[in-house]
Structures are given as structure tokens and as C-alpha cells.
Amino acid sequence: MSAATAGPRPVISGLGFITSIGNDRTEVVASLRALRHGLAPFEYLPGCDLPVKVAGTVKGFDTRSDHFSEWRWPERYHFTRERLRSLPPHGLHACCAVEQMIADARLTPELLAAADTGLFTASAGSPFLQRRYLNLMYESQGERLAPLGVISTISGTLNFNLGAHYHIRGAVCGFNSACASAAHAIGYACDEVRLGRLQRVLIVGAEDLTADSVYSFHGLRALSRNPDPDTASRPFDAARDGFVGTGGAVALLVENEASALARGAPIYAEVRGWGQSADGYNVAISDPEGAGLARAMETAIRAAGVTPGEVDYVNAHATSTPAGDRSEALALRTVFGAAGARPAISSTKALTGHGLSMASVMETGFCALALSEGFIPGQAHLVTPAPECEGLHLPRSTESRAPRIVLKNSSGFGGSNVVLVLARHERSSDAARCA
Amino acid sequence: MADPYPVSEKLRTTLRGFPAATIAACAEFEATGDRAALDRAVLALVEHHLSPPPPRPLSTYPGSTKLVAELGLDSITMVELVFLFEDLFGAKLPQDKLVAVVTIDDLRALVQAQLPPRVAS
């Protein structure tokens, strides 16, 4: 949350995507521009007629098995048994996203292992694999404990696997604020860079798409029961009825601008500032008036040294739940309405589904692409804006104009709110041309 | 050519992702109790867990080859192997005996010695 103008400038200088709307930057840009969603019919529990029938599926991978030997992935990636044995399903996706990001950022093994390179991650772990291993423990009456069961399943699994593989030495840390986790990771990475303690931080978010990780949210009635992939995720729409889950992984590099420039790395965007707040309200439900998120936005805007009127686009957290979207809409009206500002607002979860702790790194990646490629993703699947959205600018289609200042909102269970402020960098267009 | 020994469901499940030759050696031992087949199976299982893979088949290495110092086997992998030996062969490998295992021959001898009586006979 440090001042925008002092010290090193953190920029985003590498991207990697394994998502429901594309498995590389080019595919993702095309999907965002065309508002092409990645949702499909999905059986969380095969053979069961569940009320939740749609998910944001990752194409080109098969990680349904609880044993890595049966996983499949695109040919361009190579894995040894030793590497796979400690990974959860989303760890496979994370490794692929990181490989893309490393190539994109032109990071060498020496730079990865440098004392000023860190790794911050966000993952809920793998309850899917954990169930297998715990069942084994109980069924064997304690005789059988998978040697790497803990490593591959708890929420630090990305830290352990990626930190060891790339010999990260600067810092390794996982963030755990539910659906705001990756935004926290990015925010604190920016602070590390601004303080001069690290030159670069790999940010990685990933999630399993399994009944264990996602269908469990039906216990809260948080998931959409709409069986139509074309309309199941419709943030800010009056007819929304819950979120659609997704998995995969996204990696991005937060780096000191000077370091990125010296290496000739692409610079997609500057991370100008960030802010956070807590609702202090409920374990799972957002403050109905959006007061916490509004404070986080105000803090972030102030920290970035901009005004609400300068914000061109807000990538909303809106997951398509009735309560959450309402809260965010009111927060947006509070911040921008009072200032007489009308930035374009959309939630790209309409296209991807909700990636939980991965969501904010995925969507920050989207914002970086919007800044570098010069477009604003529209609000897909919006037919009838909910009444609480009155006065908000929710473009139904992609706008072909280059935003200069972009906000990325994130909120998580327990009332964690994080807002990142990204800005177009003078080299952003060059990054787009490198694609 | 079909495998000469049937592969049980237990073997198929436990050895998911293992080379066919390893599965075949385990199936042969399961069917016959033959010690030579057990030796081949033990070596094949160890070989599959080595990273990087050895430059030539483990069966060509002398029995005095050290598992950790020369083959690079780590303690986590050793636990994985112990569970496999116990699951596949019924051999109970107690920790106090495992600490004395240094070479390929030590491991082979321990697995042989710890086989349950039914198989050993």
C-alpha cells in the first residue's frame, strides 16, 4: 500500500495462463475480446444427478485421476515421475503456467535462484487428494501414510513444489484469504519490490476443479443451478443465481521496472498501488452495503495517486452470487458515484467461472492484457442489470479503447477485500506486439 | 505376446504408471513365489523410483552399489518403496532393520527375509 511515486516501480513483466478460456496468452486475449466463455457441462460426481451442472473446464488436460500416472497434459510440457509425485492436480496446471511465464519474462535459472527473487502463491490445497490419502490412513488403521501426502495436498503445496523446483531463495510464502488470496500475494509482492527487498516475485494461483474443492460450496447454496453454460455465470444480472466454479492456474511476474527493462522483458502494466480492508461482518457473507470493499477501493486509489475519475475500467470481483454482486455494486456506487465518475465495469467471471483463490491473479492477468492490448472486456451474459447496478456503466460488449488506469477488486470469505490499481506503462504496447 | 502370468487387480491398481516389465515381474512373483522373480521385481521397482534414471538397467549393477550414495535414493523415496514392498509382497520392513540397509544386496536380503511364511515356503 506504499506510495505510488516513491522508490522502485513494480511492473508485470511475465504472464502464463492455464484457464477455462485459454491455455496461453494469445487464446486468452482472443476469448476476452470476443467474450467467449469457457463454461461447459460438468459432472462433479459422475453418475449423480446433482443440481449443479456447469463448470469452467480446463481443456487439453485430464487430471480426473487421483494418481498422477494417469494425468494427461499438452505435449509441449514435460514432467518426470519425481516431479509429479508431490503435485496435486492444480499443481500440474501451475507448473505449466509458470513455464509459460518464465519463458515470457525471459527469466534464466540463475535469476530464478537469485537471492532477490521470491515466490508468492495462492491455493486452497487439494481436498480431492487429501481425501484419498486420509481414507488410506483410516482404512489401513494408520499403517499406510502416503509419504508425500501432506506436501501434495495442503494449501502450501504450490510453495513447496515450485519453490524447490526453481530453487527460489529470496522468499517463499503462501497467502490464505480465500478468494482474495492471490490479490494479497500481488499486493505484498509490490511492497517487497518497492521496499527494495526483492527485485521480482513470481505470483502463482491455482485451484483443483473437483467436487471436493468446488461442489462443497453448494452447501452454502453459493453455486449456480442454471444448467446452461451460456447463462449460468451472469454477474450483475437480475437473474443471477450463484457462481460457476473453475480450476487451472495463472502465473505472473511482479518485478522492479528497472530489472525488467534491463533484461528486455515485456512490460504489460505497472502496479501503481493497492489497498485492503476487512468487513468485520460475517464468516462468509459480504457486508450487504459494501462498506468494506468501498474502503479498500478508496485506499487503493489514494495509494496509487489517482482519482476515481481517472479510472477507466474496473475488473469486478462479482462472482454472480445475489448477495456478493449486490454488495460490490453498492461499493462501486459509493466510490465512483460520489465522484461523478463512470468507469467501465465488468466481471470476467462470466467467461471463466470463479477460480477461488486463483481468481485475482487470473483477473489481474486479464487486466494486464487489457492495458497492453488496448481493450476493455465487456460484461458478458448481462441481460437485465440488477436494480442495485443503477448508474454503473456495464458495457455489454468489449470496448476497443485503451484503458490507462484499471482497478482489480477482490473479496474473500471472512470479509477480506483487496483492490489493486494497475496502470498502462509506456512499454505496454511493446508487450502486446511481443505476443 | 500375452503376459505369462495374470496381473491381479491389486497389482494393476498399485502399479499404475509403472513399466510393463515391472508389473510382469511382480505378477510372476505373485503367481510363483519365485525368488528370482522377486529380485527382478525389487530392482525394477527401485529403478522406476530413481531420478534421474540410471544410465543402464539396475540389474547390471553390482549388489554392493549403495542406494543413497551411488544411486541417489532419498529417504522419502525409500518410504514409498517400503510401502510398495509391503503392499505387493507382504514383506514387513520395520524401521530398525531399514536403517541398516545400505546397498542393493542389503535391500534384496531384507525383503527376502521379511516375506510372510506363506510366500517364503
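Preceding block: the structure.
Worth saying up front: this structure is predicted, and the values here are computed from it rather than measured.

J.: I'm lost on the overall build of chain A in this one. Help?
T.: Scanning chain A from N- to C-terminus turns up 14 helices and 12 strands. Relative to the globule expectation of 22 Å for 435 residues, the C-alpha radius of gyration of chain A, 20 Å, shows essentially globular dimensions. The buried share of chain A, taken over its 435 residues, is 63%. Once local pairs closer than 6 in sequence are excluded, the contacts in chain A between residues at least 24 apart make up 80%. Carbon and sulfur atoms make up 53% of the accessible area of chain A, which totals about 15300 Å².

J.: Please explain a nonpolar patch on the surface as it appears in this structure.
T.: Residues and elements named next belong to chain A. The grouping of Val-150, Ile-151, Ile-154 and Phe-160 at the surface amounts to a nonpolar patch, some 300 Å² of accessible area in total. Its location among the elements puts Val-150 in helix α6 (residues 149-153). Residue Val-150 is classed as exposed on the basis of its relative accessible area, which comes to 53%.

J.: Hey, could you run me through the sheet that holds strand β5 (residues 171-174) of chain A in this one?
T.: Hydrogen bonding along the main chain pairs the strands of a sheet, whether they run parallel or antiparallel. Residues and elements named next belong to chain A. Pairing is mixed in the open sheet, where 10 strands are placed in the order β5-β4-β6-β7-β1-β8-β12-β11-β9-β10. Looking at strand neighbours, the two that pair on one side only are β5 and β10 (344-346), the edges of this open sheet. Each strand of the sheet is rotated relative to its neighbour by a mean of 25°, with strand direction disregarded. Pairing of strand β9 (residues 313-315) with strand β11 (residues 405-412) involves 3 bridges; the strand directions are parallel. Its bridge partner being in β11, Asn-315 is matched across the sheet by Lys-408. Packing against the sheet, helix α3 (residues 89-105) makes contact with β1 (10-18), β6 (200-207) and β7 (248-256), and its axis sits at approximately 135° to β1. On the sheet, helix α7 (residues 157-165) packs against β4 (117-122), β5 and β6 and is oriented at approximately 150° with respect to β4.

J.: Where do I start with the packing of aromatic side chains in this structure?
T.: In this description, an aromatic ring pair is defined by two values, namely the gap between the centres and the angle between the planes. This structure, assessed with the given rule, holds 11 aromatic pairs over all chains. Arg-56 of chain B extends its terminal NZ or CZ atom over the ring of Tyr-61 of chain B, reaching a point 4.1 Å from the ring centre.

Conventions used here
- Once a new chain begins, its residue numbering starts again from 1 and follows that chain's sequence as written.
- Both sets of labels track the order of writing: A upward for chains, 1 upward for ligands.
- Only residues with pLDDT of 70 or above have their local features reported here, since the model is predicted, and side-chain atom pairs are shown and tallied only from 80 upward, although totals for entire chains, interfaces and linings are computed over all residues.
- Hydrogens are left out, water is left out, and the side-chain values use all remaining heavy atoms of the structure.
- Each helix is a run of H or I in the DSSP string that is no shorter than four residues. Each strand is a run of E no shorter than two, and both are numbered from the N terminus.
- For the radius of gyration, the atom set is restricted to C-alpha positions; the globular benchmark scales as 2.2 Å times the number of residues to the power 0.38.
- Working definition: with a 1.4 Å probe on protein chains only, accessible area under 20% of the residue-type maximum means buried, over 50% means exposed, and in between means partly exposed.
- By definition, residues are in contact when any of their heavy atoms lie within 4.5 Å.
- Using a 1.4 Å probe, accessible areas were evaluated by the Shrake-Rupley method; residue-level cover was limited to the displayed protein chains.
- For patches, a residue must show more than 30% relative accessible area and have no salt bridge; joins then use 9 Å for like charges and 5 Å for nonpolar side chains, namely Val, Leu, Ile, Met, Phe, Trp and Tyr.
- By definition here, a salt bridge exists when the distance from a side-chain nitrogen of Lys or Arg to a carboxyl oxygen of Asp or Glu is within 4 Å.
- Any two strands with at least two DSSP bridges between them are considered paired.
- Each axis is a line fitted through C-alpha atoms, and for a helix only the stretch in contact is used; angles between axes span 0 to 180 degrees, taken between their N-to-C directions.
- Geometry of aromatic contacts follows a simple scheme: Phe, Tyr and Trp rings, the Trp one being its six-membered ring, pair when their centres are within 6.5 Å, and the pair is stacked under 30 degrees between planes, edge-to-face over 60, tilted otherwise.
- Counted as over-ring charges are cases with an Arg CZ or a Lys NZ within 6 Å of the ring centre that also lie within 35 degrees of the ring normal.

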